[in-house]
Amino acid sequence: MKKFDVIVLGAGIVGVCTCLHLQLRGYHVCLVDKKDAGQGTSYGNAGLIERSSVIPYHFPREFSRLIAYAFNHQTDVRFDWTYLPHIAPWLFKFWCQSSPKNLKKSTLALLPLIENSVKEHDFLAELAGATSFIEPKGWLEIFRTDKDFDKAKNHLLSLERFHLNYDVLDRNALIQRVPSISPQLVGGIHWLDPKTVNDPGGLTAAYARYFIKQGGSFVTLDALKTEYNNGLWQINDNGISIGAPDIVVALGPQSIQFMNKFGYRHIPFAVKRGYHIHFRQVDEKTVLEHSICDPVAGFVLAPMRQGIRLTTGIEFASPKAPPYWTQLKRAEKIAKNIFPLGEYVETKPWLGERPCLSDMRPIIGKAPAHKGLWLNFGHAHHGLTLGAVSGKLLAEIMAGEQPLTSPDAFSLTRF
Ligand SMILES: Cc1cc2nc3c(=O)[nH]c(=O)nc-3n(C[C@H](O)[C@H](O)[C@H](O)COP(=O)(O)OP(=O)(O)OC[C@H]3O[C@@H](n4cnc5c(N)ncnc54)[C@H](O)[C@@H]3O)c2cc1C
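Residues numbered from 1 in each chain as written. Predicted model: local features only at pLDDT ≥ 70, side-chain atom pairs only at ≥ 80, totals over all residues. Heavy atoms only, no water.

Let us now look at the side chain of Gln-327. By the element assignment, Gln-327 lies in helix α11 (residues 326–338). Gln-327 gets classed as buried once you look at its relative accessible area, which sits at 2%. From its side chain, Gln-327 meets the backbone oxygen of Ile-314 in a polar contact 2.9 Å long. (Helix = DSSP H or I, 4+ residues; strand = E, 2+ residues; numbered from the N terminus. Buried < 20%, exposed > 50% of the residue type's maximum accessible area, 1.4 Å probe, protein only. Polar contact = N/O pair within 3.5 Å; in protein donor to acceptor, adjacent residues only side chain to side chain.)

Below, the structure written as structure tokens:
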């Protein structure tokens, strides 16, 4: 058996960043995945390092929106009704946690992580020679109606205390900033603090390559074959055998399977599915320079190395259900009226799962019932954003250093 100080399960953005921060602190680390690095949810997201999303994505409480969702007419959220009996108890918890009081609590807990999100990615990208993946352009929120634009401008007042940087753009200013964007749009908000990643899977893989270059190990194993014997976490699979006194669960949407195996059955965890597909440019001159988000339809159009990526909002459906095109097709119809899109790059959409806790906060810290079991999962809509900073936070906790923020709000024991 090959022995390490720490085994990290999951080579998504969260696991890879955790490895880098442990390695920086002198730990001998083995990263485990059944695929290559950055091939899970971290491959397909919209690439926003969302420094401006200071309020976590919560359950809407306006009655009108709930009714619209109930009829499945919205583009930002879709329900597979056959899945509703399974997801209803979790949705109820999510609804309760989205009350103004609870939302404020989660917002304040997450704030130090959000505030450091860009800085910590810049640090790792510099280290790993991966700065070409990250672009300092911010992203644009666009509006199709005056009513939605006015609502968003009013909302800016409530964000004043967060000192975010943005430009409010009327129709002409928006067209100047994004040539080729539809003149039918009424305006937009250019969020200037966030950065964007032009290939999130590529960035994750680049971080992993640097980790290996610095002496880290990466093995292809099934994390669910992990056993705990006599104070040692062990995996025997594929003729390979590894062991360590400490193990980190960073399996993203699959983390819950590991937790169930070790008896942690009370975690309010669910996945929100989301899709993407890439489009070619219509011609050489029609270039999308900035990521744009339609907050009402819940999609993002992001310039990626693979093409123009259209990502969807949320789908509540069984993780085992086949992909449904419905939501993507609805988003595509609206997106094509906003920015010219050419042919599909692929024939099938990519489908990913956002790993979510009902209180919108990830679990970062120790598992209470096992020695050496550490957790870093549940980053929901902001796993790319939070990956670097939560890797740092967990490494600080494990090393007994002063953490960048109090880890209490992220402890598993809060449930
Ligand atoms: C459509 C969409 C758009 C998004 N846009 C954004 C965005 O713009 N900004 C943002 O910050 N976030 C965004 N997100 C969320 C973000 O992508 C996720 O929160 C993040 O990728 C989660 O990272 P992770 O490392 O926890 O999980 P993953 O990337 O899923 O990594 C988990 C790893 O575990 C491995 N694994 C699973 N089971 C096993 C097993 N049994 N054995 C071995 N290995 C295993 C998988 O192969 C995978 O590599 C978006 C998500 C979606 C779906």
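Taking 1.5 Å of rise per residue, 16 residues should cover 22 Å, and helix α5 (residues 100–115) covers 21 Å from first to last C-alpha, within 8% of that figure. Bending of α5 peaks at approximately 35° at the position of Ala-109, with proline Pro-112 no more than four residues after it. Buried residues belonging to α5 abut α4 (84–97), α6 (117–128), β22 (363–366) and α12 (383–399). (Expected span 1.5 Å × (residues − 1). Bend = angle between axes of the 7 residues up to and from the residue. Contact = heavy atoms within 4.5 Å.)

Axis separation between helix α1 (residues 13–24) and α12 bottoms out at 8 Å; the angle between their running directions is 40°. Judged by the twist between their axes, the crossing of α1 over α12 is right-handed. Along the contact surface, α1 presents Ile-13, Val-14, Cys-17, Thr-18, His-21 and Leu-22, while α12 presents Gly-383, Leu-384, Gly-387, Ala-388, Gly-391, Lys-392, Leu-394, Ala-395 and Met-398. Classifying every residue of the contact of α1 with α12 gives nine nonpolar, five polar and one charged. (Axes fitted to C-alpha atoms, helices over the stretch in contact; angles between N-to-C directions. Left-handed = near helix turned anticlockwise from the far one by under 90°. Nonpolar A, V, L, I, M, F, W, Y, C, P; charged D, E, K, R; others polar.)

Moving on, we get to the sheet that holds strand β12 (residues 226–229). Read from one edge of the open sheet, four strands run β1-β14-β13-β12, paired in mixed fashion. Across the chains shown, the open sheet's two edge strands, defined by having one partner strand only, are β1 (2–3) and β12. As paired elements, β1 and strand β14 (residues 240–244) share two bridges and run parallel to each other. Within the sheet, the bridge partner assigned to Lys-3 lies in β14 and is Gly-243. (Pairing = 2+ DSSP bridges.)

It is worth spelling out the pairing of strand β15 (residues 246–249) at this point. Every regular strand shows the same layout, with side chains that alternate between the two sheet faces. Sheet topology note: the strand β2 (residues 6–9)/β15 ladder contains four bridges and is parallel. Following the sheet pairing, Val-8 is matched in β15 by Val-248. Of the pairings in the sheet, the one linking β15 to strand β23 (residues 373–377) comprises three bridges and is parallel in character. Opposite Val-249, over in β23, you have Leu-375 as the bridge partner.

On to the side chain of Ser-291, then. Tracing the backbone shows Ser-291 in strand β17 (residues 291–294). Among the residues examined, Ser-291 registers a relative accessible area of 4% and is labelled buried. Apart from the residues within four sequence positions on either side, Ser-291 is in contact with Leu-48, Trp-139, Leu-140, Thr-196, Leu-301, Ala-302 and Pro-303.

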